[in-house]
Amino acid sequence: MSNPQQLRYSKEHEWLTAVEDGVATIGITEYAANALGDVVYAQLPEVGDTVTAGETCGELESTKSVSDLYSPVTGEVTAANQDVVDDPSLVNSAPFEGGWLFKVRVAEEPADLLSADEYTAFSGN
């Protein structure tokens, strides 16, 4: 399993892209997707919602369990991935591509986000 170097990671197993024009794309890592098992339902934050770093903003339900979704940054949701709502298995099959979850206009980025190497050491994969 390889964590893309260009992304930043949270200790709750979310990834985010570099902020472009104030907006970052957020998803869960392959490690988290594998631990969840087959995702069958995604409840994502809605456009216009305010999310806060480290707080829950949705949930993912799998054949194994239900897991809270945490935002790694604070800001306003600008997009939610309707493809994932329609086909939650994208979280498993393409966690770093088509399985992205939502986009946020970032108001605040925490200092404790991890690089790919730091996340790999943290997660043990």
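Residues numbered from 1 in each chain as written. Predicted model: local features only at pLDDT ≥ 70, side-chain atom pairs only at ≥ 80, totals over all residues. Heavy atoms only, no water.

Asker: I would appreciate a short explanation of the side chain of N3 in the present structure.
Answerer: Relative to the elements of secondary structure, N3 occurs in the segment before β1 (8–9). Here the side chain of N3 touches T120 through a polar contact of 3.0 Å, side chain to side chain. Each residue touching N3, except ones within four places of it in the same chain, is listed here: Y9, F96, A116, Y119, T120 and N125. (Helix = DSSP H or I, 4+ residues; strand = E, 2+ residues; numbered from the N terminus. Polar contact = N/O pair within 3.5 Å; in protein donor to acceptor, adjacent residues only side chain to side chain. Contact = heavy atoms within 4.5 Å.)

Asker: Just to check I follow, could you spell out the sheet that holds strand β4 (residues 39–43) for this structure?
Answerer: Across a sheet, paired strands are connected by hydrogen bonds in the backbone, their directions being either parallel or antiparallel. Taken in spatial order, the three strands of this open sheet run β4-β6-β7, and their pairing is antiparallel. Either end of the sheet is taken by a strand with one partner, and the two such strands are β4 and β7 (66–70). Pairwise comparison of adjacent strand axes, ignoring direction, gives a mean angle of 25° for this sheet. By the bridge criterion, five bridges tie strand β6 (residues 56–62) to β7 in an arrangement that is antiparallel. Paired with E61 across the two strands is V66, which belongs to β7. (Pairing = 2+ DSSP bridges. Axes fitted to C-alpha atoms, helices over the stretch in contact; angles between N-to-C directions.)

Asker: Sorry, what's going on with helix α4 (residues 116–123) here?
Answerer: Residue pairs spaced three or four apart in an α-helix point in one direction, given the helix's 3.6 residues per turn. Among the residues of α4, those classed as buried are A116, Y119 and S123. Mapping the buried residues of α4 onto a view down its axis gives an arc of 60°, with all of them on the same face. Turned more than 90 degrees away from the buried face of α4, the exposed residues are D117 and A121. In the stretch just after α4, G124 is the one whose phi turns positive, near 75°. (Buried < 20%, exposed > 50% of the residue type's maximum accessible area, 1.4 Å probe, protein only. Arc of directions from axis to C-beta.)

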